[in-house]
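Spelled out from the first residue to the last, the chains are:
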Amino acid sequence: MNKMTLFATATVATIAAATAQADTYRLSHNTGDTTTWHKGAEKFNELLQEATGDDVRIFPNAQLSGGDQMKQAEMTGRGAIDMVLTSAINVTPLAPEMAVFSLPYLYADYDAVDATTAGAAGDRMEEIMAGHGIKVLAWGENGFREVTNNVRPITSPEDMKGLKMRVAGPMYIDVMNELGANPQQMQWSETFPALQQGVVDGQENPIGAVIIPQRVYEVQKYITTWHYSYDPIFLGVSEELWESWDEDTQAKVTAAAEEAMEYQKQISRDGTASGIAYLKEQGMEVYEPSAEELAAFRDATQPAFDKWAAQVGADIVELFQAEATATN
């Protein structure tokens, strides 16, 4: 065998080895492919390819769990899905403690949010998710949830009475019940047509992450920026898959996830900052409550806060409250 043949053989072997080492992972998330969720997932794939050569196939609208956004985390925990990008409220059937992030009027602003996700409170939630087979790689943002509907402007708790409201999870059912609304838990993939057809009157979601990119303004007339609940998202990986990687790979995956979620969080906040003006341009009537009006919403939803705080656990709620108020 001559030198050229040896070189060619070695080159083919090297390429084959590199190809064999590249893996493809499946990532499931809740929303459509126009949202900041999807853009964050795409950024993660881009960064991971650069760092490891591996590829992430992204499945929007909870396709891998048959459209059931609540089921994605459970499937990831048992290794049926490699990675998941989902919100805290959507994993509460699996881990009720995750509802703490979304307790009504827990947070005053983004600084309070960031203090918990980056502090001991976020660490505690990561430990809880690890107990369910999911390694949390990084925190992103769904955002402060605002209420929209097609019936009337929402200026007080009384205006919520009788409205058929699509909600994402059990805690929001209790919140809506306290306000006298008629909550309907529904998958996000079913929500737009339900709003369009009048099956439900309204919904609640963040502006930058969902309402604008999912074009909710096309099927909703009124929006009230009541900031009643915050919803983080997280990028997680099956613990089984995580443990299969060496420390170098784990570090690269974590770095890619953290950078991708910082990007996702920033574009969500940018979209929210410019969103009110955009929604007005699209014909929505925007109502921005005063401090006194927000206090009325806070008082009306206090029973739901108390109920879910008891389920979450006093120690966890106190930890979150301490970190959230330390920034004020």
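Residues numbered from 1 in each chain as written. Predicted model: local features only at pLDDT ≥ 70, side-chain atom pairs only at ≥ 80, totals over all residues. Heavy atoms only, no water.

The name given to the chain in an unreviewed UniProt entry is DctP family TRAP transporter solute-binding subunit, and the organism recorded there is Qingshengfaniella alkalisoli. Note on the chain: under the UniProt heading Sequence similarities (unreviewed entry), the record states "Belongs to the bacterial solute-binding protein 7 family." (UniProt positions renumbered as here; feature names shortened; annotations may be inferred.)

**Q** I'm lost on the overall build of the chain in this one. Help?
**A** Helices and strands together make up the secondary structure of the chain, namely 14 helices and nine strands. For the chain, the C-alpha radius of gyration of 22 Å lies close to 20 Å, the compact-globule estimate for 328 residues. Seen through its principal axes, the chain has C-alpha atoms that stretch 85 × 45 × 35 Å. When burial is assessed residue by residue, the chain has 54% of its 328 residues classed as buried. A separation threshold of at least 6 residues defines the contact pool for the chain, and within that pool the share at least 24 residues apart is 75%. Put simply, the chain shows about 13,600 Å² of open surface, and 49% of that area lies on carbon and sulfur atoms. (Helix = DSSP H or I, 4+ residues; strand = E, 2+ residues; numbered from the N terminus. Rg over C-alpha atoms; globule rule 2.2 N^0.38 Å. Buried < 20%, exposed > 50% of the residue type's maximum accessible area, 1.4 Å probe, protein only. Contact = heavy atoms within 4.5 Å. Areas by Shrake-Rupley, 256 points an atom, 1.4 Å probe, with all protein chains shown as cover.)

**Q** Quick question: what am I supposed to make of the pairing of strand β6 (residues 182–185) here?
**A** Looking down a regular strand, the side chains alternate between one sheet face and the other. Of the strand pairs in this sheet, strand β5 (residues 164–167) and β6 are connected by four bridges, and their pairing is parallel. Bridged to M165 within β6 is P183. Once you follow β5 into helix α6 (residues 170–178) and on to β6, the crossover reads as right-handed. (Pairing = 2+ DSSP bridges. Right-handed = clockwise from strand over helix to strand, strands pointing away.)

**Q** Would you mind going over the nonpolar core with me for this structure?
**A** Nonpolar side chains in soluble globular proteins tend to end up buried together. One finds M98, Y107, M160 and W226 to be the most contacted residues of the largest nonpolar core, which totals 52 residues. Core analysis: the second largest hydrophobic core is formed by 41 residues, L27, A138, V200 and A257 among them. (Core = buried A, V, L, I, M, F, W, Y, C linked by side-chain atoms within 4.5 Å.)

**Q** Just checking my understanding: could you explain the side chain of N149 for this structure?
**A** Within the element layout of this structure, N149 appears in strand β4 (residues 134–149). Aside from chain neighbours lying at most four places away, what touches N149 is I154, L163, D201, G202, Q220, K221 and Y222.

**Q** Is there a simple way to explain the packing of aromatic side chains in this structure?
**A** Pairs of aromatic rings are described using the distance from one ring centre to the other and the angle between the two planes. Going through the model one piece at a time under the given rule, you end up with twelve aromatic pairs. Considering the side-chain rings of F144 and Y230, the 5.2 Å spacing of their centres and the 65 degrees angle between planes classify their relative orientation as edge-to-face. Of the two residues, F144 sits in strand β4 while Y230 sits in strand β8 (residues 222–238), which places them 86 residues apart along the sequence. Assigned by exposure class, F144 and Y230 land together as buried. Ring-pair connections join several aromatic residues into one group, and the members of that group are F101, W139, F234 and F320. The ring of Y263 carries K43 above its face, with NZ or CZ at 4.9 Å from the centroid. Above the face of the Y110 ring, R269 is positioned so that its terminal group lies 4.1 Å from the ring centre. (Phe/Tyr/Trp six-rings, centres within 6.5 Å; stacked < 30°, edge-to-face > 60°. Lys NZ or Arg CZ within 6 Å of the ring centre and 35° of its normal.)

**Q** So what exactly am I meant to see when it comes to the pairing of strand β1 (residues 24–29) here?
**A** Sheet topology places β1 next to strand β2 (residues 55–59); five bridges connect them, and they run parallel. Counterpart to L27 in the pairing with β2 is I58. Alignment of β1 against strand β3 (residues 83–87), held across three bridges, turns out to be parallel. Its bridge partner lying in β3, L27 is registered against M83.

**Q** Can you walk me through the side chain of S28 in this structure?
**A** Tracing the chain through its elements places S28 in strand β1. Polar side-chain contacts of S28 include one of 2.5 Å to the side chain of Q72. Setting aside residues no more than four positions away along its own chain, S28 makes contact with F59, A62, Q63, L64, Q72, I81, M83, V84 and L85. (Polar contact = N/O pair within 3.5 Å; in protein donor to acceptor, adjacent residues only side chain to side chain.)

**Q** Could you clarify how one ought to interpret unusual backbone geometry in this entry?
**A** Residues apart from glycine generally show negative phi values, whereas peptide bonds are mostly found in trans. Its identity is not glycine, yet A62 carries a phi of approximately 50 degrees, on the positive side. For A62, the position within the fold is in the loop between β2 and α3 (72–77). Notably, R215 is not glycine yet its phi reads approximately 55 degrees, a positive angle. Position of R215 among the secondary structure elements: in the loop between α8 (207–211) and β8.

**Q** Quick question: what am I supposed to make of the pattern of salt bridges here?
**A** Side-chain pairs of opposite charge can arise where the charged atoms are in close proximity. Per the stated rule, a full pass over the model turns up 13 salt bridges. Linking E74 and R78 is a salt bridge whose minimum nitrogen-to-oxygen distance equals 2.5 Å. Here D231 and R145 are joined by a salt bridge, their closest N and O atoms 2.9 Å apart. Linking D231 in strand β8 with R145 in strand β4, this pair joins segments that are 86 residues apart in sequence. (Salt bridge = Lys/Arg side-chain N within 4 Å of Asp/Glu carboxyl O.)

**Q** So what exactly am I meant to see when it comes to the environment of S65 here?
**A** With respect to the helices and strands, S65 occurs in the loop between β2 and α3. Spatially, the C-alpha atoms of S65 and A80 are 9.5 Å apart, while their sequence positions differ by 15 residues. In this view, S65 contacts K71, Q72 and M75; residues no more than four positions away in its chain are not counted.

**Q** Would you take a moment to explain the confidence of the model for the chain for this structure?
**A** Residues of the chain with pLDDT of at least 70 account for 94%, and the chain-wide mean is 93. The model gives residues 6–20 a pLDDT under 50, and that stretch makes one contact with residues more than four places away or in other chains. (pLDDT = per-residue confidence, 0-100.)

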